[in-house]
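Observations on the model geometry
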Amino acid sequence: MKRRVVITGIGALTPLGNSVSESWESAIAGKSGIGPITKFDSSAFKSRIAGEVKNFDPLQFVDKQEARRLDNFILYAVAASEMAMNDAALKITPEISGRTGVIIGSAIGGLATMESETKLLFESGPRKISPFAVPSILANLGSGFVSIRFGAKGPINCAVTACAAGTSAIGDAYKTIAYGDADIMITGGVEAAITPLAVAGFCAMRALSTRNDEPLKASRPFDQGRDGFVIGEGCGILILEELSFAQARDARIYAELVGYGCSSDAFHMAAPPPGHEGAVRSMHAAIKDAGLNPSDIDYINAHGTSTPLNDLYETQAIKSLFGAHAKKLMISSTKSMTGHMLGGTGGVEAIFSVKAIEEGIIPPTVNLENPDAECNLDYIPNVARKANINIAMSNSFGFGGVNAVLVFKKYSL
């Protein structure tokens, strides 16, 4: 019998702000965090825009040595985890350390460090490589460093499932608690891959928007003028606890995590299949895991990347699974404001889903000015909407055909 799992703390760094409150307020206001790339000279690139984390000061969270040695993806994970732990008013004592775990997903890990150290290797030789290079590159070091930081000695892992990594991590953490292997999990997703190689690679795939002269309008999910996603970065961390454990310490509960579904398209390394049958199966699995029916879902935070095929096929998948209820669903893509944070997306969008339940308001899909005729559902265009949300779903789909879906429910005894 599954144990109940609740969310007691949240922390985030996003292109919209360096905290959950800043990011959420910007999202509800329909503000975009997308602008020209500042992390490197992008003048030779077809896409020169991104959703960057701005004015981040790692010294608020680590000392000078760690700030110099660690890749930004690790620093983001530490910062968001500390925010979430503080929000949960949680301290890991020796008595509970063995029942506290960490699963933080990342699609790429320390790509900026990999690029800089590779350049150093070929320009100056092997003796110039930092002894901290490999620990800053490995994707699991987000989880590893957070576990060291807080003394979490329970289950540890790292989901590396491309753009679904954050959602996969949260789903795995949920099951770790639900089936008795831990009482507390620090979980979410992180990415810091606005680098020359990543941007050049996605440009070569023709995956990125080239609306360089209008960065605020470049990410436009479900709009007929969409021309690709905007790369972003950030981190979203949730503290999950077994219900009775949270109750025993009188923790504040944001919402309950009740379902997780995962599937593979087994179709193509990057493109979704027509109709997105894999997405249908993952959404169905999450709803079944939650013990619900499709008609119980009120809101979907869509994957909604602003690419021509993804938005169309996700719409088709929703129609296929939900039938007539699809027209009643409220759906939005917060990537319209953050850009696509790759492995960090699932963590941040899970937080947005939880906040929508808590506050009874849905962030909009901005830049939805001329809806695609085949994307004809209720995508909350341009302006946030007040609504009583009992159950929310968060979708994440990634390269390799991975589909991961979470279902959150308003908490009640």
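Placed above this text is the structure.
Residues numbered from 1 in each chain as written. Predicted model: local features only at pLDDT ≥ 70, side-chain atom pairs only at ≥ 80, totals over all residues. Heavy atoms only, no water.

Let's talk about the packing of aromatic side chains
If you walk through the whole model with that rule in mind, you get seven aromatic pairs. The interplanar angle of 10° and the centroid separation of 3.9 Å between the aromatic rings of F222 and Y379 together place this pair among those described as stacked. Highlighted residues: F222 in the loop between α9 (196–204) and β7 (234–242) and Y379 in the loop between β11 (361–362) and β12 (385–386), separated in sequence by 157 residues. The exposure classification of F222 matches that of Y379, with both residues buried. Grouping aromatic residues by their ring pairs yields a cluster made of F56, F61 and Y76. (Phe/Tyr/Trp six-rings, centres within 6.5 Å; stacked < 30°, edge-to-face > 60°. Helix = DSSP H or I, 4+ residues; strand = E, 2+ residues; numbered from the N terminus. Buried < 20%, exposed > 50% of the residue type's maximum accessible area, 1.4 Å probe, protein only.)

Things to note about the side chain of T315
Residue position: T315 is located in helix α12 (residues 308–322). What makes T315 buried here is its relative accessible area of 1%. Apart from residues no more than four positions distant in its own chain, T315 is found in contact with F222, E374, C375, N376, L377 and Y379. (Contact = heavy atoms within 4.5 Å.)

What about the layout of surface pockets?
Size it by volume and the largest pocket reaches roughly 470 Å³. The wall of the largest pocket is formed by 28 residues, among which A270, A271, P272, T307 and F399 lie closest to the centre. Elements with a minimum of two residues in the lining of the largest pocket: α12, β13 (391–398) and β14 (402–409). At three residues, the largest contribution of residues to the lining of the largest pocket is made by α12. Its residues assigned to classes, the lining of the largest pocket comprises 13 nonpolar, twelve polar and three charged. (1 Å grid on protein atoms, 1.4 Å probe; cavity = no way out; pocket = protein on both sides within 12 Å on 5 of 7 lines; lining within 4 Å. Points joined across faces, edges and corners; volume = space filled by probe spheres on them. Nonpolar A, V, L, I, M, F, W, Y, C, P; charged D, E, K, R; others polar.)

A closer look at the nonpolar core
Ranked by size, the top nonpolar core spans 47 residues in total, and within it I7, L238, L240, L257, I389 and F408 carry the most contacts. Counting residues per element, this core draws most heavily on helix α14 (residues 345–359), which supplies seven residues. In contact with L257, other than residues within four places in its own chain, are V5, I7, I170, Y174, L240, L406, V407 and F408. If you look at the next biggest cluster of nonpolar residues, it comprises 35 residues, including A77, A80, A152 and A192. (Core = buried A, V, L, I, M, F, W, Y, C linked by side-chain atoms within 4.5 Å.)

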